[in-house]
Amino acid sequence: MNEIYNFGINCYQYLVSLAAMKNRKARLLKEGQKTIFDYLDKTIVSGERYVWFHASSLGEFEQGRPLIEALKQQRPEQKIIVTFFSPSGYEVRKNYDRADAICYLPFDKPALVKRFLDTVNPSIAIFIKYEFWANYLTELSNRQIPTYIVSAIFRKSQLFFKPFGGFYRTLLTCFDQLYVQDKNSQSLLSSIGIDQVTVCGDTRFDRVLDIARQAKKLPLAEQFVQHAEKTLVAGSSWSKDEDIFIEYFNRHPELKLIIAPHVIDEGHLKEIESKLKRPHLRYTQASPENIAQAECLIIDCFGLLSSLYRYGQIAYVGGGFGVGIHNVPEAAVYGIPVIFGPNYHKFKEACDLIKCGGAFSITGPDAFETIMERLVSSSGFRENSGKAAQRYIADNSGASKVILKDIFGIDLH
């Protein structure tokens, strides 16, 4: 089975090289892989023992971030390396100042794995949510390097729980401890003999609470919503999402709209503008003098969304008409109801928020109109929904404290 796995990794690397000719993300990954060891040779301090955090992409990094920042705050001398596999994580966080080294993770090939571990010499390895690279996990186990996974969540449909999933089940024994989000994950793991499991929730809740406490004040956004009856903040939206909420916005002059699209390029921005029938303005072109003329504010820069949600009474989180919704807790933490599309079932927090009344899923324009009419017309319903969302985030926080105490002996009060 190991030979088949390694063959698959070789094929994957080859496909990335092919895709790089036309796909920017694949090209960034290919180019980034070339520079890893030169970077490490220049950056890694010989003789130091690094704590290694690995995040597949940006979302996973945000889940690991409370751990990284608490560790660095409590032990400033501790060296930390962060690796990414996806360019969407690395390109955004390559200059993150709490890590001593940041790079792509080399492909999971035996020779590259050994070279990486020889160079970095980690004292501890922490994988975030997903990522079960067979050669890395096996080599870490062989070297007796304590290895953990945090904020993990397991579903019955995964290979670990299939009759033919023996190879992948073996990988789970390489973890010294698995910190999982829910009891269902613990039960599934127990059914295949994996008992080194702690249920402590999702560190993402700790992260969004930190973000909310440190939210940037945005004077232009504040001025924009100043005289609005209601404001809908739509974050990480895609075209299919925008078709729905923009059409509703065009027919409801009492509503203001802030759009922070997932893709910020000129083509997509023009597409959004072509759908709008009411006065609108791009954020980078807004000023105290012209902001009052706009009824829709289009965010055409990065880094503001997590602070923008607090300026709305209702949030819409995009991605639910594609591969899956984006960061729902980022909006819910501000105590406002959240709406998203139908592809949410793989996201525990979305399912939980629907159950507690803090979020609503829609299947199309009619369903969106129905829930919006209720949220806009009934302040009691809207406020109760928002309180339920905020309470859910608060009740599910604290995973970082458990993990930091267990792994590092750090007691956060």
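Just so you know, these numbers come straight off a predicted model, no measurement behind them. (Residues numbered from 1 in each chain as written. Predicted model: local features only at pLDDT ≥ 70, side-chain atom pairs only at ≥ 80, totals over all residues. Heavy atoms only, no water.)

## Some points on the UniProt feature "domain: 3-deoxy-D-manno-octulosonic-acid transferase N-terminal" (unreviewed entry) in the protein
Inference 1: Within this numbering scheme, the UniProt entry marks residues 46-206 as carrying the feature "domain: 3-deoxy-D-manno-octulosonic-acid transferase N-terminal" (unreviewed entry).
Inference 2: Taken end to end, residues 46-206 is 40% helix and 22% strand, and its two terminal C-alpha atoms sit 33 Å from one another. (UniProt positions renumbered as here; feature names shortened; annotations may be inferred. Helix = DSSP H or I, 4+ residues; strand = E, 2+ residues; numbered from the N terminus.)

## Here we look at the layout of surface pockets
Inference 1: Empty space within the second largest pocket amounts to approximately 380 Å³.
Inference 2: Lining of the second largest pocket is provided by 17 residues; of these, P66, A70, D210, R213 and L412 occupy positions nearest its centre.
Inference 3: When contributions to the lining of the second largest pocket are tallied by element, the ones reaching two or more residues are helix 3 (58-74), helix 9 (203-213) and helix 18 (399-408).
Inference 4: In terms of residue count, the dominant contributor to the lining of the second largest pocket is helix 3 (five residues).
Inference 5: Across the lining of the second largest pocket, the residue classes tally to five nonpolar, six polar and six charged. (1 Å grid on protein atoms, 1.4 Å probe; cavity = no way out; pocket = protein on both sides within 12 Å on 5 of 7 lines; lining within 4 Å. Points joined across faces, edges and corners; volume = space filled by probe spheres on them. Nonpolar A, V, L, I, M, F, W, Y, C, P; charged D, E, K, R; others polar.)

## Let's talk about the nonpolar core
Inference 1: Counting residues in hydrophobic clusters, the biggest one holds 76 residues, and the most contacted among them are W52, I81, F116, F154 and L178.
Inference 2: Non-local contacts of I81, meaning those with residues more than four positions away in its chain, are made with L40, I44, Y50, V51, W52, F53, A101, C103, F116 and V120.
Inference 3: Among the nonpolar cores identified, the runner-up in size contains 43 residues, and A260, I299, A331 and V338 belong to it. (Core = buried A, V, L, I, M, F, W, Y, C linked by side-chain atoms within 4.5 Å. Buried < 20%, exposed > 50% of the residue type's maximum accessible area, 1.4 Å probe, protein only. Contact = heavy atoms within 4.5 Å.)

## Quick notes on a nonpolar patch on the surface
Inference 1: On the surface, Y14, L15, L18 and M21 cluster together to form a nonpolar patch covering roughly 460 Å² of accessible area.
Inference 2: Among the structural elements, M21 can be located in the loop between helix 1 (2-19) and helix 2 (24-43). (Patch = residues over 30% accessible without salt bridge, like charges linked within 9 Å, V, L, I, M, F, W, Y side chains within 5 Å. Areas by Shrake-Rupley, 256 points an atom, 1.4 Å probe, with all protein chains shown as cover. Salt bridge = Lys/Arg side-chain N within 4 Å of Asp/Glu carboxyl O.)

## Comments concerning the packing of aromatic side chains
Inference 1: This structure, assessed with the given rule, holds 27 aromatic pairs.
Inference 2: Look at F132 and F154: their rings are 6.0 Å apart centre to centre, the planes differ by 45°, and that puts the pair in the tilted class. Residue F132 is located in the loop between strand 4 (122-128) and helix 6 (134-142), and its partner F154 is located in the loop between strand 5 (147-152) and helix 7 (166-172); the two are separated by 22 residues in the primary sequence.
Inference 3: Overall, F154 belongs to the buried group, its relative accessible area being 1%.
Inference 4: Ring centres of F167 and Y168 lie 5.2 Å apart, and the angle between their planes is 85°; on these two criteria the pair is classed as edge-to-face.
Inference 5: Over the face of the ring belonging to F249 we find R278, whose NZ or CZ atom lies 3.9 Å from the ring centre. (Phe/Tyr/Trp six-rings, centres within 6.5 Å; stacked < 30°, edge-to-face > 60°. Lys NZ or Arg CZ within 6 Å of the ring centre and 35° of its normal.)

## Section: unusual backbone geometry
Inference 1: Its identity is not glycine, yet E131 carries a phi of approximately 85°, on the positive side.
Inference 2: Within the secondary structure, E131 is located in the loop between strand 4 and helix 6.
Inference 3: In this structure, Q144 takes a positive phi of about 60° despite not being glycine.
Inference 4: One can find Q144 in the loop between helix 6 and strand 5.
Inference 5: Given the relative accessible area of 72%, Q144 is considered exposed.

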